[in-house]
Amino acid sequence: MSQSNFGVGLGVSTVYCRLWFCMAALSIRALWRRFFTAPAVASTEWLDLQLLDRSHDSSSQYIHFIFQTDLPERNKQLKELVKSGDLPNARRMFDKMPQKDEISWTTLISGYVSANDSSEALLLFKNMRVEPVLRIDPFILSLALKACGLDSDVNYGEELHGYAVKTSLVNSVFVGSALLDMYTKNGKIFEGRSVFHEMPIRNVVSWTAIITGLVRAGYNKEALVYFSEMLRSRVAFDSYTFAIALKACAGSGGLNYGKEIHAQAIKKGFHLSSFVANTLATMYNKCGKLDYGLNLFERMSIRDVVSWTMIITTLLQTGQEERAIHAFIRMRESDVSPNEYTFAAVISGCASLAIIEWGEQLHAFVLHLGLINSLSVANSIMTMYSKCGQLTSSSMIFCEMTRRDIISWSTIIAGYSQGGHAHEAFELLSCMRWEGPKPTEIALASVLSACGSMAILEHGKQLHAYVLSIGLEHTPMVLSALINMYSKCGSIEEASRIFDAAKNDDIVSWTAMINGYAEHGYSHEAIDLFEKMPRVGLRPDSVTFIGVLSACSHAGLADLGFHYFNTMSKNFKISPSKEHYGCMIDLLCRAGRLSDAERMIEGMPFQRDDVVWSSLLRACRVHGDVECGRRTAERILQLEPNCAGTHITLANIYASEGKWREAADVRKLMKSKGVLKEPGWSWIKVKDLVSAFVSGDRSHPQGEDIYNMLDLLASRTELADYVQEMAFLPYDIAD
């Protein structure tokens, strides 16, 4: 979800510019007409319009009249309808007007632009252009350019640009501002800057438009340069300009510059504006000063839905999901109604915490408010159910959506992929290719990851071919997913070939290759690749260190592993996570240093779970350390009293050392608790169908045929053994 949805950001500036153009077209036009055109005098019989057959509707009663009036009066009434947002009735009135002047057309076009209905606005403008008695002036042209920006119709916008140059309307500050806004909205930053620099006159809207366009395109530092030039040019600025400049500081991490703008805002009194206050808090939060942002939030005299949504989103982005949900509860207690963006944020927090009960309550609340049709909300609910393991519910939400965007498809595909349902994810990707938008890197990487996890090499190869056909094989996310898929499917040579053929060096692909080598036991190759990273300008991250520590563990290089473990925090400022400690514990266990491993577990700065203790318990069995095994088993059983694996491993440790009585006692304890060992399972793919089996399982549709074949194979094996035994029996030559 874009941050601009929650703060002032680009959305506020865009709305501001749009309203400014519309107001200019409606209010200044009257003065323009008074000086440069003769007044249109038309007085005709105004017939019964019968605009709407609903007598109870106030807006219909307003325009349902029979009397004589002149064109200015009709334009005034049309403007009132547009201003009230009643575009349907305004359009009916406009269509039945016997005479229309430039003000009539401008009024209705401005209404459609304000309502984001750019296609209808442009259609009206094109109809207006063919009217011989009507003249295009800067105001109506600026509205048409605004509509081109909303509709991403760059071609028609460029045509209007040519018309503006030909008619010299390009010198108008309104047309120039609309042109650069249209270009920057469509990613044509160079063209937008050219228009800006060629403008003979620039006002606050022009400066705000160029700064907004640069921020929207990610050129935050360049936007701040323009803001500095604006200050030096002494152009009168407003709260919206400050808000977009603060957004640029947040995007570029310019904390000091943000503080200077904060001081300027206080001097001008703009810090009291909710737009600026919300953006200030966002800027401090994104620059790592969460306490500053929270302090500003608490000091706000009025906290609107944008303020609350901003603070909830910030807490989520910093990994403080529980605080974010608590903030949502405070928001409800303060009688501020959440909007769709608030719900999308807080539901994603429930997804991260995997608390299905809270997510279901929010889902019900969303249904009650009628916000389920919002794409951002529906996508968040799908993600929540997927992360909580409720793929059926997630799929139901997806199927019931009236419209789906690229995030909807990527979310459902990722949910099935991460849930280990590679076949379903592959089918959804195929549907996406035919019915939905073009698959993104996220969707493709998710399915490739699922193919790797399920070792479905054929599906992975098909997907690889598709990736090659659309030219996404060199993007970091897809490249690393391909390397990971081939590695997990046992084709480490193919993974290495893809890595070597990559044109760009990125940390994700290098990390995937290092992990691939480590998993296949090519420890020295993994370590060599890790050592080459600084030479190509790459800095290892926390995941890279997991790969190289695993390689050291497989190779038995304990000293080198400790060197990398210490280097991680000392040289790269990466705090070791639970996974890094797990790698080091595994390394010590493989090296037989069980006492050191036990001490490291005890000294971990994390809660010690059954996973790390289980690693030590398995090592105790391998190395025959009964006492350490007993202590470790006790620790695990404190955390997981009914863990069957722990009971069995401890019994085997006792048995391997000849302690049969102790082994029998563990078995009895296990039986008295009713603890049963969960059977292992395996799967096989036949004709693109994956079938899973557990010991004694007869639920497969072809179970009877499978067991008949097993019986046949077993009987043949017994017969072969019998024949072999008979061949070695002594017999009498005389017989």
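Located above this text is the structure these notes cover.
To start, this report covers the structure provided alongside it. (Residues numbered from 1 in each chain as written. Predicted model: local features only at pLDDT ≥ 70, side-chain atom pairs only at ≥ 80, totals over all residues. Heavy atoms only, no water.)

Okay, the overall build of the chain next. Scanning the chain from N- to C-terminus turns up 39 helices and 4 strands. In the chain, of all internal contacts separated by at least 6 residues, the share reaching a separation of at least 24 is 60%. On the chain, roughly 37300 Å² of surface is accessible, and the fraction owed to carbon and sulfur atoms is 53%. (Helix = DSSP H or I, 4+ residues; strand = E, 2+ residues; numbered from the N terminus. Contact = heavy atoms within 4.5 Å. Areas by Shrake-Rupley, 256 points an atom, 1.4 Å probe, with all protein chains shown as cover.)

Across all of its chains, the model carries 17 aromatic pairs by this definition. Geometrically, the ring pair formed by Phe297 and Trp308 is edge-to-face, given 4.9 Å between the ring centres and 80 degrees between the ring planes. With Phe297 in helix α16 (residues 290-299) and Trp308 in helix α17 (residues 305-317), the pair connects residues that are 11 residues apart, well separated along the chain. Using a relative accessible area of 1% as the deciding quantity, one classes Phe297 as buried. On the basis of relative accessibility, which here comes to 2%, the residue Trp308 falls in the buried class. Connected via pairs of aromatic rings, a cluster forms that spans Phe530, Phe545, Tyr564 and Phe572. Just above the ring of Phe297 sits the side chain of Arg303; from NZ or CZ to the centre is 4.9 Å. Here the basic side chain of Arg404 rests over the ring of Phe398, its NZ or CZ set 4.3 Å away from the ring centre. (Phe/Tyr/Trp six-rings, centres within 6.5 Å; stacked < 30°, edge-to-face > 60°. Buried < 20%, exposed > 50% of the residue type's maximum accessible area, 1.4 Å probe, protein only. Lys NZ or Arg CZ within 6 Å of the ring centre and 35° of its normal.)

Turning our attention to the pattern of salt bridges. In total, this model carries 15 salt bridges according to the counting rule given. When the shortest N-O distance is used, the salt bridge between Glu159 and Arg129 registers 3.8 Å. One end of the pair, Glu159, is in helix α8 (residues 154-166); the other, Arg129, is in helix α6 (residues 118-129), and 30 residues separate them in sequence. A relative accessible area of 46% means that Glu159 is categorised as partly exposed. Between Arg599 and Asp596 there is a salt bridge whose closest N-O contact spans 2.3 Å. (Salt bridge = Lys/Arg side-chain N within 4 Å of Asp/Glu carboxyl O.)

Time to look at the side chain of Ser509. With respect to the helices and strands, Ser509 occurs in helix α29 (residues 507-519). Not counting residues within four places of it along the chain, the set of residues in contact with Ser509 comprises Pro476, Leu479, Ser480, Ile483 and Phe499.

Another point: helix α26 (residues 457-470). Taking 1.5 Å of rise per residue, the 14 residues of α26 would be expected to cover 20 Å, and the 20 Å separating its terminal C-alpha atoms lies within 8% of that figure. Within α26 the residues assigned to the buried category are His459, Gly460, Leu463, His464, Tyr466 and Val467. The buried residues of α26 all sit within an arc of 165 degrees when viewed along its axis, so they share a single face. Where α26 is buried, its residues touch α24 (422-435), α25 (441-453), α27 (476-488) and α28 (492-501). A positive phi of about 75 degrees marks Gly471, the residue just after α26. (Expected span 1.5 Å × (residues − 1). Arc of directions from axis to C-beta.)

Let us look at unusual backbone geometry. Even without being a glycine, Ser168 presents a positive backbone phi close to 65 degrees. For Ser168, a relative accessible area of 46% puts it in the partly exposed group. Despite not being glycine, Asp335 has its phi angle at roughly 65 degrees, a positive value. Here Asp335 shows up in the loop between α18 (321-333) and α19 (340-353). By relative accessible area, Asp335 is classed as exposed at 69%.

Here we come to the packing of helix α35 (residues 610-623) against helix α36 (residues 626-639). At a closest axis distance of 9 Å, the pairing of α35 and α36 adopts a crossing angle of 155 degrees. By the angle between their axes, α35 is roughly antiparallel relative to α36. The element α35 and its partner α36 pack so that their crossing is left-handed. Contact residues: α35 offers Asp610, Trp613, Ser614, Leu616, Leu617 and Cys620, while α36 offers Cys628, Gly629, Thr632, Ala633, Arg635, Ile636 and Leu639. (Axes fitted to C-alpha atoms, helices over the stretch in contact; angles between N-to-C directions. Parallel < 35°, antiparallel > 145°, perpendicular 65-115°, else oblique. Left-handed = near helix turned anticlockwise from the far one by under 90°.)

Right, let's talk about the side chain of Ser496 for a bit. Turning to its location among the elements, Ser496 is positioned in helix α28. Separated by 3.1 Å, the side chains of Ser496 and Tyr517 make a polar contact. (Polar contact = N/O pair within 3.5 Å; in protein donor to acceptor, adjacent residues only side chain to side chain.)

Let us look at the environment of Thr106. Within the secondary structure layout, Thr106 lies in helix α5 (residues 102-114). Separated by 38 residues in the primary sequence, Thr106 and Ala144 have C-alpha atoms spaced 9.7 Å apart. For Thr106, the side chain forms a polar contact with the main-chain oxygen of Glu102, separated by 2.8 Å.

Our focus in this paragraph is a nonpolar patch on the surface. Nonpolar side chains collect at one region of the surface, where Met709, Leu710, Leu712 and Leu713 lie side by side and expose about 360 Å² of accessible area between them. Structurally, Leu710 can be placed in helix α39 (residues 703-727). (Patch = residues over 30% accessible without salt bridge, like charges linked within 9 Å, V, L, I, M, F, W, Y side chains within 5 Å.)

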